[in-house]
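# Summary of structural features
One letter stands for each residue in the lines below.
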Amino acid sequence: MTASLVETGTTPHRGSAPMGRLLGAEMRWVLRRPRTLVMLGLFALVPILIAIGVVVADRGGNGLIGAIAGNGLVLPVVAMTLMLALLLPLAVGMAAADAIAGEAAHGTLRGLLLAPVGRGRLVVMKAFGVLVVTVVATLVVAVVGVVAGLVVVGGADGTLVTLSGTTLGFGEAMGRVGIAALWTVGQLAAVGAIALAISAFTEHPLVVLASVLGGLIVFGVLGAIPALDWLAPYLLTTGFSAGADVLRDPMSWGDIGGSTLRALCYIAIGGGITTSRMLTRDA
Amino acid sequence: MATRRVWARAGMGLAVAGAVGLGLLAMPAGAGAAPELPPVSAEDLVASVIQSKDPGPLHGTVTLDNQLGLPAIPGVPQAANGSSTAQVWSDGAGKGRLSIPSSQGEKTIVDDGTTVWAWDSADRTVTKKAVGTDTHTPPEATATDPAAAAAKAVQDLRATSSVDVDGTATVAGRPAYELVLRPLPSERTLLREVRVAVDSEKRIPLQLTVLANGSSDPALQVGFTQLDFGAQDPALFAFTPPPGSTVTDAPARPGGAQQHEQGQEPTVVGDGWDTVVIATLPPADQQPAPGRDGAPDLSSLGKPVSGAWGSGREIDTAVATAIITDDGRVAAGAVPAQVLTEALAK
């Protein structure tokens, strides 16, 4: 593990390894993991499967999936929205579980804590690793979604027909997909921050994964109970449906902005707890 | 290490700040202090509303909060309790746009001055209907003297209700007067009061709130939650059917008017707040098959009731009661069931 990190730890300038190199090392380390690569490959299949399903069904279904038929550029947004429910958080949870709890389980965290890499830097590095997985996973879905939408579904002459019935050109449609991707990364970063905080408290990676997925399911259930509607503004999952708003014209920013602010609060909570725990933790 | 402890504290501080931020976000965008406005009488307020000019180009978000307690009608999910929002745009010169978003799609209605386009994203259909220019003629009320009309309207209302300007409120970020109608004690009604928030500057109604007896929460609240005046993008008021959509012409006559002619003219019993409307349903063989669009199946709703007037089913909601008798009469009003049965017995 972390061969590159050990190298940085033994450089002559002890404790002053440049941040860029640390981050680059973490990025390579995270992306070289076979499980990450397998997961990204499977994620790439999801938009393709949706596209094939829509083409084979060949009739306007209900809801957002139905909006894809003959309107391929909707596919990346719908795929991201659908996968935000569980699959993308699964990827983020896995990365966060490996980042701290996984290292603890392997006994390698002790080395990192004792290494002359400041603990603050260690937290930044680990958070960056999780963020890299988040961004790459989202980009895979978005890019494969655009390609599958254009090639498999096609239609609408390379334009995007919005839910409001207007037509957007290719460039503007790409802008909307970009906004959706950015927003998705924000929501996933909130999941990742909380997952990292849990990861900092345990040395069993499964606990992190179970907490993330279990937490999302519990949040979903709580959000669906009418008597608990006062709880909804606190729940991260409440805003998960806002991604479809990029398909409206004029775009309504209310829910996207609100859910992004909520995600930032979760990032602050998770990041703060992770930092605090990692700095006070015994090696 | 001291610095490490400081940073750990800073981390906890950040977490607490995040939690506080979450709490702030969850706080309802609240009613602040009531704005200070010059006092106005109910008559003057109503007159100024009638007199008010078109507010010009605007963009607003209208929120409907429905706690009427209507029974779940199959095929009409919108009637059930809950809140829904819509966006409205107006260019101030007769063109307008309305969009009703749902989580899965959107309905958009665009009036470009000559044609009304109705788009439904669920089945990607566009319904268009040419509109004549005569639809924009102002109602007759503006032709008469607004002050006199307002005075008469308020006087008529005062026969059965108290009409007051009850303080001020902030609605959609704008200071507004609250016009409150309360039934006089002699009225037998389920309603407690009806509040209309009137914009203090533009004198247009911003919010309507219906409060029923026995509940502090509004039974129905509809109004702007956000409202901006100012020029709007002209592209909003044009509509081109997107590729892949089906365009149909709207039927020349809406179906509702036809049905109205078949049934008998409804009779009105009582006046004021305890008005009861009694209508006769068309005979069963003329009714459209239940479950078809526009004709929800009502036969399974309500609880059976009977009395000297006959028997039927009683449907209770927060603000109104209806009785559908077995011989095809419908009595409805914002009244308790007893008033309905008395009216039916007449």
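The model shown is predicted, which means the values in this text are computed figures rather than measured ones.

The rules behind these values
Residues numbered from 1 in each chain as written. Chains lettered and ligands numbered in written order. Predicted model: local features only at pLDDT ≥ 70, side-chain atom pairs only at ≥ 80, totals over all residues. Heavy atoms only, no water. Core = buried A, V, L, I, M, F, W, Y, C linked by side-chain atoms within 4.5 Å. Buried < 20%, exposed > 50% of the residue type's maximum accessible area, 1.4 Å probe, protein only. Contact = heavy atoms within 4.5 Å. Pairing = 2+ DSSP bridges. Helix = DSSP H or I, 4+ residues; strand = E, 2+ residues; numbered from the N terminus. Axes fitted to C-alpha atoms, helices over the stretch in contact; angles between N-to-C directions. pLDDT = per-residue confidence, 0-100. Buried area = accessible area lost by both parts, 1.4 Å probe. Salt bridge = Lys/Arg side-chain N within 4 Å of Asp/Glu carboxyl O.

### Some remarks on the nonpolar core
Phe 43, Ile 68, Leu 247 and Met 278 of chain A are the most contacted members of the largest nonpolar core, which has 79 residues in total. Once residues lying within four places of it in the same chain are set aside, the contact partners of Leu 247 of chain A are Leu 64, Val 74, Val 77, Leu 160, Thr 162, Leu 163 and Ser 164 of chain A. Counting residues in hydrophobic clusters, the runner-up holds 22 residues, among them Ala 47, Val 163, Val 194 and Leu 220 of chain B.

### Considerations on the sheet that holds strand S12 (residues 246–249) of chain B
Residue and element names in this part refer to chain B. Sheet architecture is open: twelve strands sit in the order S7-S8-S9-S10-S11-S1-S2-S3-S4-S5-S6-S12, paired in mixed fashion. Each edge of the open sheet carries a strand with a single partner, namely strand S7 (161–171) and S12. Ignoring strand direction, the axes of neighbouring strands in this sheet form an average angle of 20°. Pairing of strand S3 (residues 96–101) with strand S4 (residues 106–111) involves six bridges; the strand directions are antiparallel. Residue pairing in the sheet places Ile 100 in a bridge with Lys 107 of S4. Helix H2 (residues 42–51) rests against S7, strand S8 (174–183), strand S9 (191–199) and strand S10 (205–212) of the sheet, and its axis sits at about 115° to S8.

### Focus: the confidence of the model for chain B
All names here are of chain B. A residue-level look at chain B finds 82% of positions with pLDDT of 70 or above and a mean pLDDT of 79. Confidence over residues 134–143 falls short of pLDDT 50; this stretch has four contacts with residues more than four positions distant or in other chains. Low confidence marks residues 254–261, where pLDDT is under 50. Its contacts with residues over four positions away, or in another chain, come to three contacts.

### Description of the interface of chain B and chain A
In this assembly, 32 residues from chain B lie in contact with 38 residues from chain A. Carbon and sulfur atoms make up 65% of the area that chain B and chain A hide from each other, which totals about 2500 Å². Summed over the three residues of chain B that lose the most area to chain A, namely Arg 4, Leu 22 and Arg 124 of chain B, the buried surface amounts to 22% of that side. Joining chain B to chain A, the criterion identifies one salt bridge.

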